Amino acid sequence: MHSVIQPAISTVIVISLLIGVLIATIGLRPVQFRFSQSDTQELKGVAILMILFAHIGNFLTHSPHFLWPLSLLAGVGVDLFLFVSGYGLCKSQMVNKLSLKHWYKKRLFNLFIPLWLVLTLFALMDVLILDKHYSVSYLVHAYLGIFPTANLWSDINSVLWYFTLILFYYLLFPIAYIRKHVWLTAIILFFASLLFLMYEPFTGPHVKHLYKLHLVAFPLGVLIAALFSDSSHRSKFKKFNLTGKKLKNMPASFIVALISLALVFAIGYFAYHSGVGKGVFREELICIITMLLIVVLFVVKQVKFKFLLLMGIYSYELYLLHWPLLARYDFLYNSVPGWIATLLWLCILLSAGWILKKLTFYISNSWK
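Structure report, in brief. (Residues numbered from 1 in each chain as written. Predicted model: local features only at pLDDT ≥ 70, side-chain atom pairs only at ≥ 80, totals over all residues. Heavy atoms only, no water.)

Counted as a void, the largest pocket has a volume near 1300 Å³. Lining the largest pocket are 36 residues, with Q41, K44, R107, N110 and Y170 positioned closest to its centre. For the lining of the largest pocket, the secondary structure elements donating two or more residues are α2 (37-60), α3 (74-96), α4 (100-130), α6 (161-176), α13 (306-313), α14 (315-329) and α15 (338-366). The greatest single-element share of the lining of the largest pocket, amounting to eight residues, is contributed by α3. In terms of residue class, the lining of the largest pocket is made up of 15 nonpolar, 13 polar and eight charged. Quantified by volume, the second largest pocket comes out at close to 1000 Å³. In terms of lining residues, the second largest pocket is bounded by 32 residues, among which L22, V46, V264, I267 and L297 are the most central. Among the secondary structure elements, those contributing two or more residues to the lining of the second largest pocket are α1 (7-24), α2, α11 (252-272), α12 (280-300) and β4 (303-305). Across the lining of the second largest pocket, the residue classes tally to 27 nonpolar, four polar and one charged. (1 Å grid on protein atoms, 1.4 Å probe; cavity = no way out; pocket = protein on both sides within 12 Å on 5 of 7 lines; lining within 4 Å. Points joined across faces, edges and corners; volume = space filled by probe spheres on them. Helix = DSSP H or I, 4+ residues; strand = E, 2+ residues; numbered from the N terminus. Nonpolar A, V, L, I, M, F, W, Y, C, P; charged D, E, K, R; others polar.)

How two aromatic rings sit relative to each other is given by the distance of their centres and the angle of their planes. Inspection of the entire model under this criterion finds 21 aromatic pairs. With centroids separated by 5.5 Å and ring planes inclined at 15°, the aromatic side chains of Y134 and Y138 adopt a geometry described as stacked. For Y134, a relative accessible area of 15% gives the class buried. With a centroid separation of 6.4 Å and an interplanar angle of 80°, the aromatic rings of F147 and F163 are classed as edge-to-face. (Phe/Tyr/Trp six-rings, centres within 6.5 Å; stacked < 30°, edge-to-face > 60°. Buried < 20%, exposed > 50% of the residue type's maximum accessible area, 1.4 Å probe, protein only.)

Moving on to α13. Along α13, the positions that sit buried rather than exposed are F307, L308, M311 and G312. Angularly, the buried residues of α13 cover 140° about the axis, an arc narrow enough to put them on a single face. Residues of α13 that are buried make contact with α1, α2, α12, β4, α14 and α15. (Arc of directions from axis to C-beta. Contact = heavy atoms within 4.5 Å.)

With that settled, consider the environment of M198. Among the structural elements, M198 can be located in the loop between α7 (182-197) and α8 (208-212). For M198 and K208, which are ten residues apart along the polypeptide, the C-alpha to C-alpha distance reads 8.7 Å.

A grouping of W183, I187, F191, L194, L227 and F228 is seen on the molecular surface, where their side chains present a nonpolar patch of about 530 Å² in accessible area. Per element, the largest residue contribution to the nonpolar patch is four residues, and it comes from α7. Mapped onto the elements, W183 comes out in helix α7. Judged by its relative accessible area of 42%, W183 is partly exposed. (Patch = residues over 30% accessible without salt bridge, like charges linked within 9 Å, V, L, I, M, F, W, Y side chains within 5 Å. Areas by Shrake-Rupley, 256 points an atom, 1.4 Å probe, with all protein chains shown as cover. Salt bridge = Lys/Arg side-chain N within 4 Å of Asp/Glu carboxyl O.)

Looking now at the pattern of salt bridges. Tallied over the full model, the rule gives three salt bridges. One salt bridge connects K301 with E42, and the closest N-O pair in it is separated by 3.2 Å. A residue pair is termed long-range when its members are at least 10 positions apart, and K301 in the loop between α12 and β4 and E42 in helix α2 qualify at 259 residues. An identical accessibility class is assigned to K301 and E42; each is buried. With its nearest N and O atoms 3.4 Å apart, the salt bridge here joins E317 to K357. Linking E317 in helix α14 with K357 in helix α15, this pair joins segments that are 40 residues apart in sequence. You can call K357 partly exposed: its relative accessible area is 33%.

Outside of glycine, negative phi angles account for most residues, and trans bonds account for most peptide bonds. Cis geometry marks the peptide bond from W68 to P69, where omega comes out at 10°. Mapped onto the fold, P69 is located in the loop between α2 and α3. Positive phi, normally seen in glycine, also occurs at L67, with a value near 70°. With respect to the helices and strands, L67 occurs in the loop between α2 and α3. We classify L67 as buried; its relative accessible area is 0%. With a phi angle near 55°, D131 is a residue other than glycine that sits in the positive phi range.

Right, here's the structure in full:
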């Protein structure tokens, strides 16, 4: 863990810069009350920022107030990733109708190619720079996507316990998918995830508590996609398009602003009263409530944020890259003020994520 120079001042500056970037990259959009692809990308951007700030503030540094309250929502960020993945995969399958073969080819390539590149990079870096070695069996399991431990300092990439869970959903979804009753797919996925939790080789004692906290989000995303895909539901929501209209003699934009403000306060309340340490059920319930409030906020908001969209585009790459680089190769937090270190790391990670995405695109196209 690292010391942070002037943690309180740095936190204020980081929050101010983040607000400034969001304002600088803001754009207007009509109120449509629908969950668009742009919304899901922005939510991925929100999720990866939550996870980054939490990992930096809670684990990388030992200044307890650094990045607070930005560091409170790591669990919500994971649930957002899972929810958006479930929603997006379900919507895509309902539209594109991929066969089992094409599903696995497309989805698994997108999952595994960046993973293999990152694992190879860090395995080589750790040996050459840190003289840190991993056993052959450990690396074989890692390349297969099996991560039964999540030790922050000894694992090659401790955050990849998430990969095992999302891989499980990707493998099961096309088999469980029932086109005429998509809502039933969500139920099957939920109960299958309970069985997955019982399989010790994948969910050992080191990570089982993490899986318990995040078993609802992916099936819930599938369920929401199923419920709001029906044309009758869409027609109902079109009636609530407030663009250019008035509600009770007040401009629609003002009504939406009030709703958004109320949602922000509710999100802040549940983020602070997260239920951490008060039982798995309570913590998971509050996490899901917070996540859904954030989703609703992004559905009703009248603006779009290009910065969040950018973070969302590279969110998977950032997730794969960030912790090994921060935990084992940080050279900034002990040397410069925390806000400068955080800003520089965001730039470094975005650049590395861009390179990783380009390499993935090139390799996947060469294999077709």
